[in-house]
Amino acid sequence: MIDSVGLRRKIETLGLAVTEEQLSQLIRYASLLLKWNKVYNLTRITKEDDIVNLHLIDSLTLVKAVRDLHLPLKRVLDVGSGGGLPAIPFAVMEPGADITMVDAVKKKALFLTQVCVELGLKNARALHARIEEVREEPFDAVTSRAFASLSDMCALTSHLLAPDGLWLAMKGKEPKEEMGALNPEIGVDRILRLEVPGVSVERNLIVLRKRIRGCEEV
């Protein structure tokens with residue numbers, strides 16, 4: 001059973017405030033992830049402590065970063081959502097943002113839909129589709145966590161990003177080769193080191209945007 005006191009303490013260590021309802025939603029989500037993983041193979045991580053540290057808290061570092069950067073994100077697209085990371089924790093902590101999760105694997109999209117129902121997340125939805133085939137109104141940001149290379153992520157989702165939008169890619173070590181392989185039309189806005197309390201792993205958030213030439217997008 002997930003330790004609610006320990007989870008709250010770790011969230012607060014990140015500098016985030018969490019309500020009782022949000023804490024309950026996060027714990028319920030972790031339980032669903034563990035339960036469905038036995039059949040759907042959603043994650044290779046199977047221990048409760050690792051689910052908390054390497055999934056929940058790791059995903060919440062994105063919430064911390066977005067708040068620190070004062071990014072007014074209203075529409076967010078999470079690509080290659082898999083088991084819902086970082087999208088579900090983000091949706092829980094940011095109820096004012098509309099989160100769309102996309103995964104090409106039907107069983108994962110079904111799981112995400114069930115999570116939204118059971119957690120009562122009215123600001124999140126899941127789509128079963130290949131990302132290049134998705135047609136939606138532009139998003140303020142496109143997020144990913146271990147989805148693809150930076151260049152592939154940008155190429156596959158460029159049509160879904162608003163002209164002034166941002167790609168937010170959660171990575172392990174700083175992906176210098178991937179950044180060097182980016183299309184010249186994509187610029188690295190900044191690189192933020194993400195600190196996961198109690199875990200000695202290197203995590204970085206790569207913030208990308210479309211380059212602007214004059215007043216026009218290239």
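Structure: see above.
How each quantity is defined
Residues numbered from 1 in each chain as written. Predicted model: local features only at pLDDT ≥ 70, side-chain atom pairs only at ≥ 80, totals over all residues. Heavy atoms only, no water. Salt bridge = Lys/Arg side-chain N within 4 Å of Asp/Glu carboxyl O. Helix = DSSP H or I, 4+ residues; strand = E, 2+ residues; numbered from the N terminus. Buried < 20%, exposed > 50% of the residue type's maximum accessible area, 1.4 Å probe, protein only. Axes fitted to C-alpha atoms, helices over the stretch in contact; angles between N-to-C directions. Parallel < 35°, antiparallel > 145°, perpendicular 65-115°, else oblique. Left-handed = near helix turned anticlockwise from the far one by under 90°. Contact = heavy atoms within 4.5 Å. Nonpolar A, V, L, I, M, F, W, Y, C, P; charged D, E, K, R; others polar. Core = buried A, V, L, I, M, F, W, Y, C linked by side-chain atoms within 4.5 Å. Pairing = 2+ DSSP bridges.

This part covers the pattern of salt bridges. As enumerated under the stated definition, the model contains 12 salt bridges in all. Between K171 and E178 there is a salt bridge; the shortest N-O distance is 3.0 Å. D189 serves as the salt-bridge partner of R209, at 2.9 Å between the closest nitrogen and oxygen. You can see R209 sitting in strand β7 (residues 203–210) and its partner D189 sitting in strand β6 (residues 186–194), a full 20 residues away along the chain. For R209, a relative accessible area of 31% corresponds to the partly exposed category.

The next point concerns the packing of helix α1 (residues 4–13) against helix α2 (residues 20–40). Packing of α1 against α2 leaves a shortest axis separation of 11 Å and a crossing angle of 110 degrees. Between α1 and α2, the angle falls in the class roughly perpendicular. Crossing geometry of α1 relative to α2 is assigned as right-handed. Taken together, the residues of α2 that come into contact with α1 (itself represented by S4, L7, R8 and I11) are E20, L23, L26 and I27. Looking at the contact of α1 with α2 residue by residue, the classes come out as five nonpolar, one polar and two charged.

By size, the foremost hydrophobic cluster in this structure holds 53 residues, and its most contacted members are L7, I11 and I88. Looking at this core element by element, the count peaks at nine residues for helix α3 (residues 48–68). Other than its neighbours up to four places away in sequence, L7 contacts I2, L23, L26, I27, V52, L56 and I57. Counting residues in each nonpolar core, the second largest holds 19 residues, with F139, V142, M153 and C154 among its members.

So, on to the side chain of Q25. Here Q25 is to be found in helix α2. On the accessibility criterion, Q25 (9% relative accessible area) is buried. Sequence-distant contacts of Q25, that is, excluding residues within four places in its chain, are made with V92, L119 and L121.

Ordered in space as β3-β2-β1-β4-β5-β7-β6, the seven strands form an open sheet in which the pairing is mixed. Of all strands in the sheet, those with a lone pairing partner are β3 (124–128) and β6, marking the two edges. Within the sheet, the average angular offset between the axes of one strand and its neighbour, ignoring direction, is 20 degrees. Of the strand pairs in this sheet, strand β4 (residues 139–145) and strand β5 (residues 161–171) are connected by six bridges, and their pairing is parallel. Its bridge partner lying in β5, T143 is registered against L168. Against the sheet, helix α5 (residues 106–119) makes contact with β2 (98–103) and β3, and its axis sits at roughly 165 degrees relative to β3, the strand it touches most. Strand contacts of helix α6 (residues 150–157): β1 (75–79), β4, β5, β6 and β7, with the helix running at about 150 degrees to β5, the strand carrying the most contacts.

Attention now moves to the side chain of K108. Along the chain, K108 turns up in helix α5. Here K108 is in contact with N41, L42, G82 and D103, once residues within four sequence places are set aside.

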